[in-house]
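# Structure at a glance
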Amino acid sequence: MHLSLSSSEPAEAEKGGERTLALMDEPKVTGTKPRTSWPRKALLILGFLFALAAIALVAMAVSQNKPLQKNIKYGIVLDAGSSHTNLYVYEWPAEKENDTGVVHQVEVCKVEGLGISGYSQDTEKAGLSLQHCMKRAQEVVPEQQHRETPVYLGATAGMRLLSLQNRSIADRVLSAVEKTLRSSPFNFQGARIISGQEEGAYGWITINYLLGSFKQPGWLNFLPHLRSSRGTSGALDLGGASTQITFVPDQEPIESQENSLHFRLYGKNYNVYTHSFLCYGKDQALRLKLASDLQSTQNGSLLDPCFHPGYLRIMNISDLYTNPCIANGEQQLPFTQLHLQGNGDYQRCRMTIQKIFNNSHCPYSSCSFNGIFLPPLQGEFGAFSAFYFVMNFLNLTTEKSPVALDKATSTVERFCSRPWHEVKAEFPKIKEKYLSEYCFSGTYILSLLENGYGFTMEKWQSIQFLGKIGSSDAGWTLGYMLNLTNMIPAEKPPTRPLSHASYVGLMVFCSLVLVAVLLLSWLTFHKPKCLQKGLI
Ligand SMILES: Nc1ccn([C@@H]2O[C@H](COP(=O)(O)OP(=O)(O)OP(=O)(O)O)[C@@H](O)[C@H]2O)c(=O)n1
Ligand SMILES: [Ca+2]
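Residues numbered from 1 in each chain as written. Chains lettered and ligands numbered in written order. Predicted model: local features only at pLDDT ≥ 70, side-chain atom pairs only at ≥ 80, totals over all residues. Heavy atoms only, no water.

## Examining the pairing of strand S11 (residues 312-316)
Residues of S11 alternate between two faces, with Arg313 and Met315 buried on one and Leu312, Ile314 and Asn316 left unburied on the opposite face. Two elements, S11 and strand S12 (residues 337-342), share 5 bridges in a ladder whose sense is antiparallel. From the neighbouring strand, Asn316 faces S12, where its bridge partner is Gln337. (Buried < 20%, exposed > 50% of the residue type's maximum accessible area, 1.4 Å probe, protein only. Helix = DSSP H or I, 4+ residues; strand = E, 2+ residues; numbered from the N terminus. Pairing = 2+ DSSP bridges.)

Have a look at this one:
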């Protein structure tokens, strides 16, 4: 084959001098195996060195970016809600504590029994009830870190109500829980009742921290004027005794001072609207509704459209009137017990619920209800706690697109109309207290969001019902801890435009492109002799 190629070439050789010269340089064909030419050898060596260098570069990048042994810190927050207490353990890498999105939940322990405000008759028990979860926290946090791990307890609306009703009993409950927390090996930082404003604000901080809304991508350092372009999500929290709405409105300034908060986080200013409605959590709202319904009964029996047909409940009237949400009226009632009988009528249920929202006056440009200022709704909203528990039970929470308002309405309507014995048989594992109230709760959520706040058809689509974000529960506790441990800086910590890994990757890529360009240019302009033959 080599021979036949040589024999056909003299004709071509006459066409141009250069080609002729090239042929003349070829080693003489001798019939033995040809030896590899020098340039080809050089190319082979170069190729080998190139491959070696590329492997070394990649290996270096990989080993340099291997995660270092982590120095983990822990923090504990107890959410002492009106219906129950949860203990959360958070962890984060010590060297990154000022970054956003690095703290996450590693444990949640549900305290058995009542919320701490439920122990007003036996305050010591409020402290004892926490012991099991404190033991659990000791197992989760490594022993050598117990002493430096802060523990906080924040009590919400149940304790706010107890404190309004009887300050000294509320203080005794707090002392009892403090005693338990002080006797643990952790670094006790305080047990207190947080205000509704704080509860709303910390819920907003938590979800935006977890969603990464405070994060500005590193490349924005090059374009500082674009930094304010990313929005935050509003926060909707529904508890047993209070409910909070918090978001950044378009309208500025916020008309009512008591609903206005200002934050500077990671170098950006936020003017936040928040309101906490005490007595409008789902348990207290049910009491408000029952108290309102009772006004129109003569004998204490009530046909309640917010419970399933066939459902019966007997309640002591005195239990209904044991807190400041229902101011007076007990004395005038000629009966001591309420006999409630469900008839599962969604439309009527909505009408009875509507009565607990007072829309008769509004001293501002716009209001939610009870004369409370509410600016026009703005942006996306994350709805959590009981908003999530209830909507999740009703299969109305989807990861992708939100369920439309009319579909949510028809689902609740259908659920309410189902006979109680059928519902009970279908969900034998769900606590009867929760299950029997999902019809009321679903209807209440729709009334509150649609009529109370104005999430009608289109706005409804901006609500995402959230249980967890990543591994962390949506709620106020993470925001509370981030604030108390100063983990959210007012100014953006200085950062490099690229992460180390992206930097190394980009450097390798650019080097390879440069080498390729140089090689190609060299080949194009200098045409090494070994290649010239093959090219023509
Ligand atoms: N799987 C669940 C869990 C809870 N609930 C109900 O949801 C309500 C609120 O629960 P939660 O958000 O835990 O309220 P708390 O924090 O206890 O109350 P608050 O924030 O008002 O102090 C309670 O009525 C509870 O009965 C429910 O229906 N289904
Ligand atoms: Ca709560």
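Moving on from the model shown.
## Some thoughts on the packing of aromatic side chains
All told, the structure shown has 29 aromatic pairs when counted by the stated rule. With a centroid separation of 5.5 Å and an interplanar angle of 70°, the aromatic rings of Phe393 and Phe415 are classed as edge-to-face. Of this pair, Phe393 sits in helix H12 (residues 386-393) while Phe415 sits in helix H13 (residues 405-417); the two residues are 22 residues apart in sequence, bridging distant segments of the chain. In this pair, the class of Phe393 matches that of Phe415, namely buried. (Phe/Tyr/Trp six-rings, centres within 6.5 Å; stacked < 30°, edge-to-face > 60°.)

## A short note on the UniProt feature "active site" (unreviewed entry) in the protein chain
UniProt records the feature "active site" (unreviewed entry) at Glu199, using the numbering of this structure. Structurally, Glu199 is set in helix H8 (residues 196-211). Residue class for Glu199 comes out buried when judged on its relative accessible area of 6%. Excluding residues that lie within four positions of it along the chain, Glu199 makes contacts with Thr156, Arg160, Ile194, Asp237, Ser242, Gln244 and Trp476. (UniProt positions renumbered as here; feature names shortened; annotations may be inferred. Contact = heavy atoms within 4.5 Å.)

## Focus on the site of ligand 1
Taken together, 20 residues are adjacent to ligand 1, and Ser82, Ser83, Thr156, Ala241 and Asp283 come closest. The backbone of Ser82 places a nitrogen or oxygen atom 2.8 Å from an oxygen atom of ligand 1. Within the backbone of Gly240, one N or O atom sits 2.9 Å away from an oxygen atom of ligand 1. Summarising the interface, the protein chains cover 89% of the accessible area of ligand 1, which totals 620 Å² for the free molecule. (Near = heavy atom within 4 Å. Polar contact = N/O pair within 3.5 Å; in protein donor to acceptor, adjacent residues only side chain to side chain. Areas by Shrake-Rupley, 256 points an atom, 1.4 Å probe, with all protein chains shown as cover.)

## Some details on H8
Each full turn of the α-helix corresponds to 3.6 residues, which orients residues three or four apart in the same direction. Over its 16 residues, H8 runs 23 Å from end to end, which matches the ideal 22 Å to within 8%, given 1.5 Å per residue. Burial analysis of H8 places 14 of its 16 residues in the buried class, the great majority of the element. (Expected span 1.5 Å × (residues − 1).)

## Remarks on the state of the cysteines
Applying the stated criterion to the full structure yields 5 disulfides. Paired by a disulfide, Cys109 and Cys133 hold their sulfur atoms 2.0 Å apart. On the sign convention where negative is left-handed, the bridge of Cys109 and Cys133, at about -75° about the S-S bond, is left-handed. Taken together, the positions of Cys109 in strand S3 (residues 104-110) and Cys133 in helix H5 (residues 131-140) put the pair 24 residues apart, joining distant regions of the chain. Neither Cys109 nor Cys133 differs from the other in exposure class; each is buried. Cys362 shares a disulfide with Cys367; S-S distance 2.0 Å. Residues Cys362 and Cys367 are joined through a disulfide that is right-handed, its torsion about the S-S bond being 85°. (Disulfide = S-S within 2.5 Å.)

## Re empty space enclosed by the protein
A complete count under the given rule lists 1 cavity of 30 Å³ or more for this structure. What the largest cavity holds in volume is close to 60 Å³. As for the largest cavity, its lining consists of Leu396, Thr397, Thr398, Ser401, Pro402, Val403, Trp460, Ile463, Gln464 and Phe465. If one sorts the elements of the lining of the largest cavity by residue count, strand S14 (residues 463-465) sits on top with 3 residues. Its residues placed into classes, the lining of the largest cavity shows 6 nonpolar, 4 polar and no charged. (1 Å grid on protein atoms, 1.4 Å probe; cavity = no way out; pocket = protein on both sides within 12 Å on 5 of 7 lines; lining within 4 Å. Points joined across faces, edges and corners; volume = space filled by probe spheres on them. Nonpolar A, V, L, I, M, F, W, Y, C, P; charged D, E, K, R; others polar.)

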